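Chain residues, written in single-letter form:
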Amino acid sequence: MSLEFRVSGRIGKPVAEVFDAVVNPNKLSAYFTTIGGASAPLVAGTKVVWWGKVPVKVDEVEKDNRIVLRWDATDADGKPAYKTRIEMNFEPLDDGGTFVTIAEAGWHEDAVGLKKSYLNCEGWSQMLACMKAYVEYGINLRDGYYRSEMKGEPANEDNI
């Protein structure tokens, strides 16, 4: 069994605007990495930090088309043990909107990997909803969304 998932949704704005909402750290910090922010733009071959503490390796960036990232997955002891791969695709639609698909894969095929994959699936689904609200309407849905964020702490598996 391969532990992976794919979430997707339509954002009612042109692909360039939607893509920029992910690669631009100021915009990403306004709706997703709201506590601690995003340290830098997503540029292939670089490492950025999200939420002030999560290192994200940027493998590929194809403008207005695709972003490939890797970040730490943790083992049963909570220590970074390996990386999962995130791929974001941006498809321009005939109506002027953008269809965004986010896929993540690479967890170890055990109970810990399964739990972590479910948590990340929740997180990426929530990111898409927040992106839609922010890009289309300028609303930050993430503010106060998780219990942790009501306390000013980034969300993680122990405090959501």
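Each value, and the rule that gives it
- Residues numbered from 1 in each chain as written.
- Predicted model: local features only at pLDDT ≥ 70, side-chain atom pairs only at ≥ 80, totals over all residues.
- Heavy atoms only, no water.
- UniProt positions renumbered as here; feature names shortened; annotations may be inferred.
- Helix = DSSP H or I, 4+ residues; strand = E, 2+ residues; numbered from the N terminus.
- Rg over C-alpha atoms; globule rule 2.2 N^0.38 Å.
- Buried < 20%, exposed > 50% of the residue type's maximum accessible area, 1.4 Å probe, protein only.
- Contact = heavy atoms within 4.5 Å.
- Areas by Shrake-Rupley, 256 points an atom, 1.4 Å probe, with all protein chains shown as cover.
- Lys, Arg positive; Asp, Glu negative; His and termini not counted.
- Charge placed at Lys NZ, Arg CZ, Asp CG, Glu CD.
- Pairing = 2+ DSSP bridges.
- Core = buried A, V, L, I, M, F, W, Y, C linked by side-chain atoms within 4.5 Å.
- Axes fitted to C-alpha atoms, helices over the stretch in contact; angles between N-to-C directions.
- Expected span 1.5 Å × (residues − 1).
- Polar contact = N/O pair within 3.5 Å; in protein donor to acceptor, adjacent residues only side chain to side chain.

- If you open the UniProt record of the protein and go to Sequence similarities (unreviewed entry), you find "Belongs to the AHA1 family."

## A word on the overall build of the protein
- On a plain count of helices and strands, the protein comes out with 4 helices and 6 strands.
- The order of α-helices and β-strands along the protein, N terminus first, is β-α-α-β-β-β-β-β-α-α.
- Against the compact-globule benchmark of 15 Å for 160 residues, the protein has a radius of gyration of 15 Å, which places it among compact chains.
- Along the three orthogonal principal directions, the C-alpha set of the protein runs to about 45 × 35 × 25 Å.
- Classification of the 160 residues of the protein by burial places 41% in the buried group.
- A sequence separation of at least 24 residues applies to 47% of the contacts in the protein between residues at least 6 apart.
- Surface exposure of the protein reaches about 8,100 Å², of which carbon and sulfur atoms provide 51%.
- In the protein, 19 positive and 24 negative side-chain charges are present, and the distance between their average locations comes to 3 Å.

## Brief notes about the pairing of strand E6 (residues 98-105)
- With 6 of its 8 residues buried, E6 lies for the most part within the structure.
- Pairing of strand E1 (residues 4-11) with E6, which is carried by 8 bridges, proceeds in the antiparallel orientation. Opposite Phe5, over in E6, you have Glu104 as the bridge partner.
- Sheet analysis places strand E5 (residues 80-92) next to E6, joined by 8 bridges and oriented antiparallel. Of the residues in E6, the one forming a bridge with Asn89 is Thr101.
- Joining the antiparallel neighbours E5 and E6 is a turn of 5 residues, in which Gly96 adopts a positive phi near 95 degrees.

## Notes on the UniProt feature "domain: Activator of Hsp90 ATPase homologue 1/2-like C-terminal" (unreviewed entry) in the protein
- According to UniProt, the "domain: Activator of Hsp90 ATPase homologue 1/2-like C-terminal" (unreviewed entry) feature falls on residues 14-136.
- Helix and strand shares over residues 14-136 are 34% and 35% respectively, and the end C-alpha atoms of the span are 10 Å apart.

## Points about the pairing of strand E3 (residues 54-62)
- Where strand E2 (residues 47-50) and E3 come together, 4 bridges link them in antiparallel fashion. Its bridge partner lying in E3, Trp50 is registered against Val54.
- A loop of 3 residues connects E2 with E3, the two strands running antiparallel in sequence, and Trp51 in this loop sits at a positive phi of about 60 degrees.
- As defined by bridge partners, E3 adjoins strand E4 (residues 66-74) across 6 bridges and the pair is classed as antiparallel.

## Points about the nonpolar core
- One finds Trp50, Met88, Trp124, Met127 and Met131 to be the most contacted residues of the largest nonpolar core, which totals 37 residues.
- The residues touching Met88, leaving out its near neighbours within four places in the chain, are Val22, Asn65, Arg66, Ile67, Leu69, Thr101, Ile102, Trp124 and Met127.

## Side note on the sheet that holds E1
- With antiparallel pairing, the 6 strands of this open sheet are ordered in space as E1-E6-E5-E4-E3-E2. Edge strands, defined here as strands with exactly one partner in the open sheet, are E1 and E2. Averaged over all adjacent pairs, the angle separating strand axes in this sheet is 25 degrees, with direction ignored.
- Contacting E1, E3, E4, E5 and E6, helix H1 (residues 15-23) runs over the sheet at an angle of about 160 degrees to E5.
- Helix-sheet contacts for helix H3 (residues 111-137) involve E1, E2, E4, E5 and E6, and the interaxial angle to E1 is about 10 degrees.

## A closer look at H3
- A rise of 1.5 Å per residue sets the reference length of H3, with its 27 residues, at 39 Å; its end C-alpha atoms lie 39 Å apart and thus fit the reference within 8%.
- For H3, the N-terminal capping position is held by Asp110, with its side-chain oxygen 3.3 Å away from the main-chain nitrogen of Val112.
- Immediately downstream of H3, the backbone of Gly138 shows phi near 75 degrees, a positive value.

## Examining the side chain of Thr101
- Structurally, Thr101 is set in strand E6.
- Leaving out residues up to four positions away in the same chain, Thr101 has contacts with Arg6, Val7, Ser8, Glu87, Met88 and Asn89.

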